[in-house]
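Summary of structural features
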There are 2 protein chains.
Amino acid sequence: MSRVWNFSAGPAALPLPVLERAQRELLDWEGSGASVMEQSHRGKRFIAMAAQVEADLRELMGIPADCAVLFEQGGATQHFAQIPMNLAGEGDSADYIVTGHWSEKAASEGAPYVRVNVAASSKTENYLRMPARDTWKLDPAAAYVHLATNETIHGVEFQDIPDVGDVPLVADMSSDILSGPIDVSRFGLIYAGAQKNIGPSGLVLIIVRRDLLQRAVRPMARIFRYAEHAANDSMLNTPNTWGWYLAGLTFQWLKEQGGLAAMDALNRQKAALLYSTIDGSGGFYRNPIDPSVRSRMNVPFTLHDSALDAAFLKESEAAGLLALKGHKALGGMRASLYNAVPLEAVQALVAFMHDFTNRHG
Amino acid sequence: MSRVWNFSAGPAALPLPVLERAQRELLDWEGSGASVMEQSHRGKRFIAMAAQVEADLRELMGIPADCAVLFEQGGATQHFAQIPMNLAGEGDSADYIVTGHWSEKAASEGAPYVRVNVAASSKTENYLRMPARDTWKLDPAAAYVHLATNETIHGVEFQDIPDVGDVPLVADMSSDILSGPIDVSRFGLIYAGAQKNIGPSGLVLIIVRRDLLQRAVRPMARIFRYAEHAANDSMLNTPNTWGWYLAGLTFQWLKEQGGLAAMDALNRQKAALLYSTIDGSGGFYRNPIDPSVRSRMNVPFTLHDSALDAAFLKESEAAGLLALKGHKALGGMRASLYNAVPLEAVQALVAFMHDFTNRHG
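Position numbers for residues start from 1 in each chain and track the written sequence from start to end. Chains and ligands are labelled by the order in which they are written, letters from A for the one and numbers from 1 for the other. At least 70 in pLDDT is required for a residue's local features to be given in this predicted model, at least 80 for side-chain atom pairs to be given and counted, and no such filter applies to totals for whole chains, interfaces and linings, which use all residues. To obtain the side-chain values, all non-hydrogen atoms of the structure were included, while hydrogens and water were left out.

It only takes one pair of heavy atoms within 4.5 Å for two residues to be counted as in contact. On the side of chain A, 58 residues touch chain B, which itself brings 58 residues to the contact. As used here, buried area is the combined drop in accessible area, with a 1.4 Å probe, of two parts when they are placed together. Buried surface at the junction of chain B and chain A, both sides included, amounts to about 4800 Å², of which 56% is carbon and sulfur. The largest share of the area that chain B buries against chain A comes from L27(B), M37(B) and E38(B), three residues that together contribute 15% of it. Every case where a carboxyl oxygen of Asp or Glu lies within 4 Å of a side-chain nitrogen of Lys or Arg is listed as a salt bridge. The interface formed by chain B and chain A contains 2 salt bridges. Notably, a salt bridge pairs R3(A) with E38(B), separated by 2.7 Å at the nearest N-O pair. Definition of a polar contact: a pair of N or O atoms within 3.5 Å, with one able to donate and the other able to accept a hydrogen when the atoms are protein atoms, and with sequence-neighbouring residues admitted only if both atoms are side-chain atoms. Connecting chain B to chain A are 28 residue pairs in polar contact (both at pLDDT 80 or more). Numbering of helices and strands runs from the N terminus; a helix is a DSSP stretch of H or I covering at least four residues, while a strand is a stretch of E covering at least two. Secondary-structure elements contributing two or more residues to the side of chain B that touches chain A are α1 (16-24), α3 (75-87), α4 (101-110) and α6 (241-256) of chain B. Each residue gets one of three labels, nonpolar for Ala, Val, Leu, Ile, Met, Phe, Trp, Tyr, Cys and Pro, charged for Asp, Glu, Lys and Arg, and polar for the others, Gly among them. Residue composition of the side of chain B that touches chain A, by class: 27 nonpolar, 23 polar and 8 charged.

Next comes the structure, spelled out in structure tokens:
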């Protein structure tokens, strides 16, 4: 067994101690004589674990008591639809801030359920920068304002929480949740697919102000109502128990690392190392994003000659650097530097990049 | 580590060889240097695995080529809603055969999306038998006929596939899929939550005739359309990769056991052993279900004196027999005898039951 450095955009690297613990207790969890996957979610052991996972997350993120925490399924994509189903009434409109592939998709998947107002967009600028704050056309009567704090494909990230007045702010944080401290009280709803900074795929975390749960008045099955999930502690039906368990191990690991302030410092150090290598390469590597909004989590970059792409990918994989191929929408490379990617991984990557430049420059 | 015999109704026991293999390769899957949970679902390795999993399932179940196989999320409960969203047009009605808790819930969760016609129900008989076939009020114009082949809580199971004419038959097989051979060509859509006979929770298997996928004409987000999932090989968004992988290990294990005919014989043997113990106990244990429709998978039973329930549960757990507590709707006990529960487990259970009778009879 030789583990590699994994830069996958998601499903992404998990902390090695988390995997090792999951491996140890895979056949016998908490002395029950069965795997955590083989436990009834209605059993005492699982319910106690689930409560502890939520408590750990509340402590890590400082989640206010007036927010419910839900462990859901369907990926963020399903919740692009379920959020307007729950937060908008018939005829309501919502403001969408479009800063890349995912926030654009949130708007299009939400459109069957709410009148979508694209209040700001950087699409015509190829998402290379954020739309200037003074150009946002926010509607004070909107049901909510939606944005993605970090764009996994385009590599742009909000560096602050925009002021949207009294309208609830809804944020897709799939690719930067838990990467640093954030003021949860500024949001009406935060959601995140687990497969980047939380755990395995198939789990979605939702943090939502309880007063907003009363808005879901249109006819729909109970299973789509966040209020029902909140009232049933995310066990309205059988949850993804393995995902919930691994999320819990990840939260414990984050606490052991010093919490989100420590992760923030480390993530900034990792990103700075990679961006400085790109910017200092004399044009051999390029990242076109406005430096003031570059993502700490996802770093897309191109080689000065795309004919070298195949060699870069082949040689990097041989050097134990996995999943550096860029998204097809942008081409080139992408390195995702989530919490579970250690500084050593980024050091290995930049060493390889220097070496590659020397051999092919 | 000492494994127990696990009679959980779900999430349920998994085959020990499946767990052992998952444990072995948890940190390094297929020599990739990363866990299967850390692989991009768009990567070559995962796509090849996913295709093999589908091929193995098609072979095991004899799935016709005109059916799509989908690996979805949300539990069967979400698909109680999504099925009418996809298979019924505005104003359509559908026939529901109600034979227990779950088929009743399928009807109520479907009601926001289709006019529900309860064509037959055994509710007034406490679900102790199946509604007589000649009393079913099927509508030839129905969009589909829905039933649950096995009722996990009430312990009744269809012993054949009802003839519903040309109307597509939709079956929730969550708790008896893969327990024996079935003629898939008789169904329009089969669905099953994974957490009983397939794998861990958080995965739903759907087998659907491709021609039915064209029915979804009402406005809805792409993520709810089965046709989109089929066109994208269940990777419209990030799937539950761990669940998919474990389902594949389970399918391989089933093939090694001799396939579904072998499982059928074994499951009949297990169920016969437990039912004969109950019926031969002189009334100490009781199962009230019409013997002609008793479930091979879920065996609810009561003790002649419910004051003994607590002792039965405590002593059985001490004897290494897990999760025998009955569902709160029925009380008493329930033993679930899914594929992963070996004959030795049922032998241990009936030995305990005899012993308990001797001590408390």
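Glancing now at the packing of aromatic side chains. Pairing of aromatic side chains here covers Phe, Tyr and the six-membered ring of Trp, requires ring centres within 6.5 Å, and sorts the geometry by plane angle: under 30 degrees stacked, over 60 edge-to-face, intermediate tilted. Tallying each qualifying case throughout the model produces 34 aromatic pairs over all chains. Ring geometry for F71(A) against W244(A): centres 4.5 Å apart, planes inclined by 20°, an arrangement best described as stacked. Remark: W244(A) occurs in helix α6 (residues 241-256) and F71(A) occurs in strand β2 (residues 67-72); sequence separation between them is 173 residues. Taken individually, F71(A) and W244(A) each receive the classification buried, so the pair is uniform in this respect. Clustering of aromatic rings is evident, with ring pairs tying together W29(A), W242(A), Y245(A), W29(B), W242(B) and Y245(B). A 1.4 Å probe rolled over the protein chains alone gives each residue an accessible area, and that area as a share of the maximum for its type sets the label: buried under 20%, exposed over 50%, partly exposed in between.

Residues and elements named next belong to chain B. Read across the open sheet, the 3 strands follow the order β9-β10-β12; overall the sheet is antiparallel. Sheet topology places β9 (285-286) and β12 (333-336) at the edges, where each strand pairs with a single neighbour. With 4 bridges joining them, strand β10 (residues 298-303) and β12 adopt antiparallel strand pairing. Paired with P300 across the two strands is R334, which belongs to β12. At least two bridges found by DSSP between two strands is the condition for calling them paired.

Residues and elements named next belong to chain A. Boundaries of every domain are those given by an automatic assignment or by a domain database. Each domain of chain A was delimited in the assignment, giving domain 1 (16-256) and domain 2 (259-360). Relative to domain 2, the C-alpha centre of domain 1 lies at a distance of 27 Å. Between domain 1 and domain 2, the residue contacts involve 26 residues of the former and 25 residues of the latter. Summed over both sides, the interface of domain 1 with domain 2 buries roughly 2100 Å², with 57% coming from carbon and sulfur. Taken together, domain 1 and domain 2 are joined by 1 salt bridge. Put simply, R296 and E157 hold a salt bridge, and the shortest N to O gap is 2.4 Å. Linking domain 1 with domain 2 are 14 residue pairs in polar contact (both at pLDDT 80 or more), by the criterion used here. By residue number, the principal contributor to the side of domain 1 that touches domain 2 is α6, which donates 3 residues. Residue classes in the side of domain 1 that touches domain 2 are distributed as 11 nonpolar, 9 polar and 6 charged.

Now for the pairing of strand β7 (residues 189-193) of chain A. Residue and element names in this part refer to chain A. In terms of burial, β7 is largely enclosed, as 5 of its 5 residues are buried. Here β7 shows a buried face lined by L189, Y191 and G193 and a second buried face lined by I190 and A192. In this sheet, strand β8 (residues 204-209) lies alongside β7 in antiparallel orientation, the contact comprising 5 bridges. Within β8, the residue paired with Y191 across the bridge is I206.

Bringing helix α8 (residues 309-318) of chain B into the picture now. All names here are of chain B. Those residues of α8 not exposed but buried are D309, F312 and S316. The buried residues of α8 occupy an angular sector of 60° when projected down its axis, which confines them to one face. For α8, the exposed residues lying more than 90 degrees away from the buried face are A310, K314 and A318. One or two positions beyond α8, positive phi appears at G320, with a value near 80°. The arc in question is traced by the directions running from the helix axis to the C-beta atoms.

Moving on to the relation of the copies chain B and chain A. Here two copies of a chain appear, and what relates them is a rotation about an axis with a shift along it. For the pair chain B and chain A, the best superposition has an RMSD of 0.0 Å and corresponds to a rotation of 180° with a translation of 0.0 Å parallel to the axis. Expressed as an axis order, the relation between the two copies is that of a two-fold axis. When the interface residues of chain B are mapped onto chain A, 100% of them again fall at the interface, so both copies present the same face. Least-squares superposition of the copies uses the C-alpha atoms of those residues scoring a pLDDT of at least 70 in each of them.

So, about helix α7 (residues 259-279) of chain B. Residue and element names in this part refer to chain B. Helices are assigned an expected span. That span is 1.5 Å times one less than the residue count. With 21 residues, α7 extends 30 Å between its outermost C-alpha atoms, agreeing within 8% with the 30 Å of an ideal straight helix rising 1.5 Å per residue. Among the residues of α7, those classed as buried are G259, L260, M263, D264, N267, K270, A271, L274, Y275, T277 and I278. Residues of α7 that are buried make contact with α2 (44-61), α6, β9, β10, β12 and α9 (343-360).

On to the packing of α3(B) against α4(B), then. All names here are of chain B. Note on method: axes are straight lines fitted to C-alpha atoms, helices fitted across the in-contact stretch only, with angles between N-to-C directions ranging 0 to 180 degrees. One can describe the packing of α3 onto α4 by two numbers: an axis separation of 8 Å at closest approach and a directional angle of 50°. When the axes of α3 and α4 are compared, the pair comes out oblique. Of the two elements, α3 crosses α4, and the hand of that crossing is right-handed. When α3 is examined against α4, the residues T77, F80, A81 and P84 are found in contact with a partner set consisting of W102, K105, A106, E109 and G110. Angle categories are assigned with fixed cut-offs, so that under 35 degrees is roughly parallel, over 145 is roughly antiparallel, 65 to 115 is roughly perpendicular, and the rest are oblique. A clockwise turn of the near helix away from the far one marks a right-handed crossing, whereas an anticlockwise turn of less than a right angle marks a left-handed crossing.

Right, let's talk about the pattern of salt bridges for a bit. What the rule picks out here adds up to 32 salt bridges over all chains. Close ionic contact of D279(A) with R294(A) constitutes a salt bridge, the shortest N to O distance being 2.8 Å. Linking D279(A) in helix α7 (residues 259-279) with R294(A) in the loop between β9 (285-286) and β10 (298-303), this pair joins segments that are 15 residues apart in sequence. As a salt-bridge pair, E315(B) and R359(B) come within 2.5 Å of each other at their nearest N and O atoms. Taken together, the positions of E315(B) in helix α8 and R359(B) in helix α9 put the pair 44 residues apart, joining distant regions of the chain.

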